[in-house]
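Tertiary structure, described
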Amino acid sequence: MGDTLEFNEIYQEVKGSWNDGRLRFSKQNVVYKSSKTGKVDSIPASELNLAQWRRVCLGHGIKLGTSSGHVYKYDGFRDTDFEKISEFFKTNYKLELAEKDMCVKGWNWGTAKFSGPLLSFDVNDNTAFEVPLSNVSQCATGKNEVTLEFHQNDDTEVSLMEVRFYVPPSQSDERQDPVEAFAQSVLSKADVIQATGDAVCIFKELQCLTPRGRYDIRIYPTFLHLHGKTFDYKIPYTTVLRLFLLPHKDQRQMFFVISLDPPIKQGQTRYHFLILLFSKEEDISLTLNMSEEDVERRFEGKLSKNMSGSLYEMVSRVMKALVNRKITVPGNFQGHSGAQCITCSYKASSGLLYPLERGFIYVHKPPVHLRFEEISCVNFARGTTTTRSFDFEIETKQGNQYTFSSIEREEYGKLFDFVNAKKLNIKNRGFKEGMKGNIDEYSDSDEDQHDAYLERMKAEGKIREEGNDSDESDAESDESFNPGEEDDDIAEEYDSNASASDSSEDGDDSEDDSAKKKKAKKPKPVKEKKERKPRKEKKKKQKDTGGPKRPMSAYMLWLNSSRERIKSENPGISITEISKKAGEMWRQLGKDEKEEWDAKAGEAKRDYDKAKKEYKESGGGSASVSKKESKKSGGKKDEKKRKSAGGDKDKDRGGNDSFKSREFIETSESSSDSDHKSKSKRKKESDDDEEEEAMTTPASSEEESD
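Note that residues are indexed from 1 along each chain, following the sequence as it is written. Local features are withheld for residues below a pLDDT of 70 in this predicted model, meaning they are given only at 70 or higher, and side-chain atom pairs are given and counted only at 80 or more; totals for whole chains, interfaces and linings count all residues. Water and hydrogen atoms play no part in the side-chain values, which are based on all heavy atoms of the structure.

Take the overall build of the chain next. Only runs of H or I of at least four residues qualify as helices and only runs of E of at least two qualify as strands under DSSP, and these elements are numbered from the N terminus. In terms of regular secondary structure, the chain is built from 19 helices and 31 strands. Considering the chain as a whole, with its 706 residues, one finds that 39% of them fall into the buried category. Taking all contacts inside the chain whose residues are at least 6 apart in sequence as the whole, residues at least 24 apart take part in 48%. Total accessible area computed for the chain in this model is approximately 41,800 Å², and 46% of it derives from carbon and sulfur atoms. Exposed residues in this analysis have more than 50% of their type's maximum accessible area, buried residues have under 20%, and partly exposed residues fall in between, with area computed by a 1.4 Å probe over protein chains only. In this analysis, two residues are considered to be in contact whenever any of their non-hydrogen atoms come within 4.5 Å of each other. Under the convention used here, a 1.4 Å probe and the Shrake-Rupley method define accessible areas, while residue burial counts only the protein chains that appear.

Take a look at the structure:
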C-alpha cells in the first residue's frame, strides 16, 4: 500500500447542497479540496480520534472526528473502498474504521444528543439524522417546543426552513427547564451572530463598490459588521474565502476585495464579493479596543495596539489577522501601459482584469474570480465592433463562458505570453504572429465559429466551377472576385476578365472595344446604369458555346468524386455545409493523395489543349470573330458618314443651338445594343430627314455649276 490514498468526486454537504471535490489521505494529514470554491480543509493525523463508515444517500460515507471537537463528513465512496481505507487507517493513524448503521425506521420519537457541533437524533441507539448546528440561524422556544431555523443556500433546489422538537417535561430536575437547556445547547454551537461586547476597531465612512454606498465597518472578534444609511450586513469570518489587494490602473487608488461564500443577501440580490476602494494618499491612526496583553496573546505579533499608516494598509492588515488568510496580490504580469491589469468590458460594463499567479479576477461590476484549475480553455477572438481591439474568452470545466471584450490590441502579446506561461489550453494557439500582422487571422482559426462569409465564398466558387465560367483555377477566381463589395464596377471588371479567359484569341479585339467605349464616354457623361446593362448582354453574345469545356482543377475533381460520400456520412447537410466540410477534408488530405488528383487535373488540361487546338483548326470560333470584325468596320464607316453629315449641317445651320444631331450620333455609337439604336432613331425621325436634305443639297449645286 502506498503512502497516500486519493479519491475523486467525493462530496461534502454544505447547508443542504452537495459540493464535489478531491480527498487525499496521507500519513501526515487528511486534505479535502472543494472543486466549487477551491477551499482546502486540512486535518492533522494526530488529531483524529473518530472514524466511522456509514451507508448514506450517495453510496457510502466517512465521518471523522477530531480531538478539538470538529466533525467532518465525506460521502461518495464505493463499497469496495472500505477494505483499503480501513487498512490505511490502521497502519498510519492507528485508528479503526468502524461500521455504523443508520436508522431507517422513520420514527419521529427518539433521543436528542449533542456531540460537538452536531445534534444527532437517535432511535434505538442508531442515528436517524444529524443536524449541523453551524447551519442554524435562529433558535426560538415555546411551551415544550424548540424551533430551529436554518441558513438558506441558493444552490439547493429544496431548502429546509425549520425543524420543531417537542421536549417533554422532566420530573427529575425541576431547577432547570429542559426546553431552555435544549435551546442553550443549540445556541452554544449555532451560527447566530449576536453583537455582544465592544468592537475591536471601527473604520468610518469607507467607500464600498459592492454593495454600493458608504459604510462604517465595525470589526468584532468573530464577524464583520457593515453599517450603512439603509442596510446593515453582518459577515462571519468563517464565510470569508479569500482576500485581494489590487492596485488601480491610475496608480492612485487601491481595491480591497473580500470573497464570500455563502454571499451576503439583500432581497433577491447576492453579493459574493465585498469591494472597497481606497485612495493611496489617505492615512489613519488606529487604536485597538483591547489591552496590549490581549493583543499580543490573540494576534501573536500580527497587530499592535497603536498603528498608523495608509488606510488601505490598516484595513487589510486587520482583516488578515482576524480572518487568518493570506492576501492575494497581482503577480509578475505587466500590461502594455505598465499597469498590472487590463482595461476591458464584461457584460457591457467597463472594468479591470487582473491576471494573478493562480487565476484571474475582474472588478468590479459584476466581480468575477476564475481559478486556473477550473478553466478548461481560453480563446482570443476578433473584436465585434472594431479591429483595434480583441476579446478574451474563458471557458470553465463546468461549461460556463466568460467574455472580456474591448481589450486594446497592444495588450495581446503580453496576455498571450502570460497565458502560455501558465500552461493554459489555448483554442487558437499558433496565431500570435497573425494577430500582430492582421487581427482577422486569429479569429478565423476558431473552428467552432460559424463563418457565413466563408460559406458564401465557397458556394459561389462551386457554382462558377460547375458552370465553367471561371479562370484557370478556383483559387484565382476567388482572388479576382470579392462578393463582399457591392459596387457594380468591380463586377464589370471581373466580367471582362472572364470573357478574356474564355477565348484567348479575342483578347486584342476585346481591348480595342474597351478603348472605343472609353472614348465614347468622354464627350458626354451619361448615367452608369444605362451603360452597364448592354455590357453584360454583350459578354453573353460573344461567348463561344461550341468550343470544348475548360478542365476542372484538382480540388473540383476530388469534390465531384467525394460529394456523394459526404452526403451519406452527413444526412441532411446543406450545399454550403458540404462546401465547408469538403474544404476541411481537402486540407487534411496527405501530399500523396493530392498529387494523385493533381496528375488527373494535368491530364485533363492536356486533353483540353488538344481538343481546343483541333477545334480551332477545324474553323471553330471564326464565325464569331468575323461577325465582330464586320461589325467594327461597319461602325467605323457609319461614324465617318455621320460626322461628315454633321459637319455640313453645322455649316448650313450656322449658330443654331437647338440642333443637336452630333450628340445623338455619339450616343448611339457608344451603345452596342440594336434596340437602343432603333429607339433613338424613332425619337429623332424628323431630324434624320433634315440630315438627308443637308447631305443631298451640296451635290446638286455642284452638278449645276459643272
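A few words on the pattern of salt bridges. The term salt bridge refers to a pairing of a side-chain nitrogen on Lys or Arg with a carboxyl oxygen on Asp or Glu at a separation within 4 Å. For the structure shown, the criterion picks out 16 salt bridges. A salt bridge links K84 to D81; the shortest N-O distance between them is 3.8 Å. In this pair, K84 and D81 are both assigned in helix α1 (residues 81-93), 3 residues apart and thus about one turn of the helix distant. With a relative accessible area of 36%, K84 lands in the partly exposed category. The partner of E357 in a salt bridge is K422, and the shortest N-O contact between them spans 2.8 Å. Of this pair, E357 sits in the loop between β26 (349-355) and β27 (359-363) while K422 sits in the loop between α5 (412-421) and α6 (432-437), placing them 65 residues apart in sequence. For E357, a relative accessible area of 37% translates into the label partly exposed. For K422, a relative accessible area of 26% translates into the label partly exposed. Residues participating in the shared-partner salt-bridge network are K33, R371, E373 and E374.

Time to look at the nonpolar core. Buried Ala, Val, Leu, Ile, Met, Phe, Trp, Tyr and Cys residues form a nonpolar core when they are joined through side-chain atoms within 4.5 Å. Ranked by internal contacts, the top residues of the largest apolar core, which has 41 residues, are F203, I219 and L224. The element best represented in this core is helix α4 (residues 311-323), accounting for 9 residues. Formed by 26 residues, the second largest nonpolar core is a distinct cluster that contains Y346, I375, F390 and V419.

Two strands pair if DSSP finds at least two bridges between them. Strand order in this open sheet of 3 strands is β12-β13-β14, and the pairing throughout is antiparallel. Here the strands that pair on one side only, and so sit at the sheet edges, are β12 (136-142) and β14 (162-166). Mean inter-strand twist for the sheet, computed between neighbouring axes without regard to direction, equals 15 degrees. Of the strand pairs in this sheet, β12 and strand β13 (residues 145-150) are connected by 6 bridges, and their pairing is antiparallel. Opposite T141, over in β13, you have V146 as the bridge partner. Axes here refer to lines fitted to C-alpha atoms; in helices the fit is confined to the stretch in contact. Angles between the N-to-C directions go from 0 to 180 degrees. On top of the sheet, helix α2 (residues 178-189) reaches β12, β13 and β14; it is set at about 170 degrees to β12, its chief contact.

Time to look at the packing of helix α13 (residues 554-569) against helix α15 (residues 591-617). As a packed pair, α13 and α15 sit with axes 8 Å apart at the nearest point and diverge in direction by 110 degrees. Considering their axes alone, α13 and α15 lie roughly perpendicular with respect to each other. Contacts between α13 and α15 pair A554, L557, W558 and S561 from the former with W597, D598, K600 and A601 from the latter. Ten residues, namely Ala, Val, Leu, Ile, Met, Phe, Trp, Tyr, Cys and Pro, are considered nonpolar, four, namely Asp, Glu, Lys and Arg, are considered charged, and the remaining ones, Gly among them, are considered polar. Its residues assigned to classes, the contact of α13 with α15 shows 5 nonpolar, 1 polar and 2 charged. Note on terminology: angles under 35 degrees are roughly parallel, angles over 145 are roughly antiparallel, angles of 65 to 115 are roughly perpendicular, and the others are oblique.

All right, on to α1 then. By definition here, a helix of n residues has an expected span of 1.5 Å times n minus one. Taking 1.5 Å per residue, 13 residues should reach 18 Å; α1 reaches 17 Å between its end C-alpha atoms and fits that length. All buried positions along α1 are accounted for by D81, F82, I85, S86, F88, F89 and Y93. The buried residues of α1 occupy an angular sector of 160 degrees when projected down its axis, which confines them to one face. The arc under discussion is defined with respect to the helix axis, by the directions toward the C-beta atoms.

Quick look at a positive patch on the surface now. Like-charged residues within 9 Å of one another, or nonpolar side chains (Val, Leu, Ile, Met, Phe, Trp, Tyr) within 5 Å, are grouped into patches, provided each residue has over 30% relative accessible area and no salt bridge. Here the positive residues are Lys and Arg and the negative ones are Asp and Glu; neither His nor the chain ends is included. A charged residue contributes its charge at one atom only: NZ of Lys, CZ of Arg, CG of Asp or CD of Glu. On the surface, K302, K320, K326 and R358 cluster together into a positively charged patch. Relative to the elements of secondary structure, R358 occurs in the loop between β26 and β27.

With that settled, consider the side chain of R371. With respect to the helices, strands and loops of the structure, R371 is situated in strand β28 (residues 368-371). Contacts described as polar in this section are N or O atom pairs within 3.5 Å, which, within protein, must combine one atom able to donate a hydrogen with one able to accept it, while residues neighboring in sequence count only if both atoms come from side chains. There is a polar contact of 3.1 Å between the side chain of R371 and the backbone oxygen of S35. If we ignore the near neighbours within four places in the chain, the residues touching R371 are S35, K36, T37, G38, R242, R358 and G359.

By convention, a stacked pair of Phe, Tyr or Trp rings (six-membered ring in the case of Trp) has centres within 6.5 Å and planes under 30 degrees apart, an edge-to-face pair has planes over 60 apart, and any other such pair is tilted. One pass over the structure, following the stated rule, counts 32 aromatic pairs. Centroid distance F88 to Y93: 5.7 Å. Interplanar angle 85 degrees. Geometry classified as edge-to-face. Here the aromatic rings of F231 and Y233 are separated by 6.4 Å at their centres, their planes lie at 40 degrees, and the arrangement is tilted. By relative accessible area, Y233 is classed as buried at 4%.

A separate point is α2. Here α2 spans 17 Å end to end across 12 residues, near enough to the 16 Å set by a 1.5 Å rise per residue. Taken together, the buried residues of α2 touch β9 (111-115), β10 (118-123), β12, β13 and β14.

Let us look at the environment of S618. Structurally, the position occupied by S618 is in the loop between α15 and α16 (622-653). Looking at S618, its side chain comes within polar contact range of the main-chain oxygen of Y615, at 2.9 Å.

Right, let's talk about a negative patch on the surface for a bit. On the surface, a cluster of negative charge is made up of D79, E83, E99 and D101. As for its placement among the helices and strands, D101 is situated in the loop between β8 (98-100) and β9. Owing to a relative accessible area of 58%, D101 belongs among the exposed residues under this scheme.

What follows concerns the pairing of β10. Burial analysis of β10 places 6 of its 6 residues in the buried class, the great majority of the element. Judged by which residues are buried, β10 turns out to be covered on both faces: L118, S120 and D122 on one side and L119, F121 and V123 on the other are all buried. For β9 and β10, the ladder comprises 5 bridges, and the chain directions are antiparallel. Bridge pairing in β10 places S115 opposite L118. Between β9 and β10, which pair antiparallel in sequence order, lie 2 residues; one of them, G116, sits at a positive phi of approximately 65 degrees. Summarising the sheet, β10 and strand β11 (residues 126-132) pair through 6 bridges and their orientation is antiparallel.

Bringing the side chain of Q12 into the picture now. Mapped onto the secondary structure, Q12 falls in strand β1 (residues 5-14). Apart from the residues lying within four places of it in its own chain, the contact partners of Q12 are S17, W18, N19, Y32, D41, K73 and Y74.

Close inspection of predicted coordinates is inappropriate for parts of the model with low pLDDT. Scored by pLDDT, the chain has a mean of 75; 69% of the residues are at 70 or more. Every residue in residues 468-522 scores below 50 in pLDDT, and together they form 66 contacts with partners more than four places removed in sequence or on other chains. Per-residue confidence from the predictor is reported as pLDDT, a score between 0 and 100.

Residues T210 and P211 are joined by a peptide bond in cis, for which omega reads -5 degrees. Between D261 and the following residue, P262, the backbone shows a cis peptide bond with an omega angle of 5 degrees. Looking at the element boundaries, P262 is found in strand β20 (residues 253-266). At D125, a position not held by glycine, the phi torsion is positive, near 65 degrees.

Read from one edge to the other, the open sheet built from 3 strands follows the order β9-β10-β11, with strand pairing classed as antiparallel. Each edge of the open sheet is held by one strand with a lone partner, namely β9 and β11. Strand-to-strand twist in this sheet, taken as the mean axis angle between neighbours without regard to direction, amounts to 25 degrees.

Here the focus is the pairing of β26. Burial runs high along β26: 5 of the 7 residues are buried. Relative to β26, strand β25 (residues 342-346) is paired through 5 bridges, and the arrangement is antiparallel. Along β26, the bridge assignment pairs T343 with L352. Two successive antiparallel strands, β25 and β26, enclose a turn made up of 2 residues, where K347 displays a positive phi of approximately 55 degrees. Examined bridge by bridge, β26 and β27 share 4 bridges and lie antiparallel to one another. The residue of β27 that forms the bridge with Y354 is I361. With antiparallel pairing between neighbouring strands as the criterion, β26 and β27 make up a hairpin whose turn holds 3 residues.

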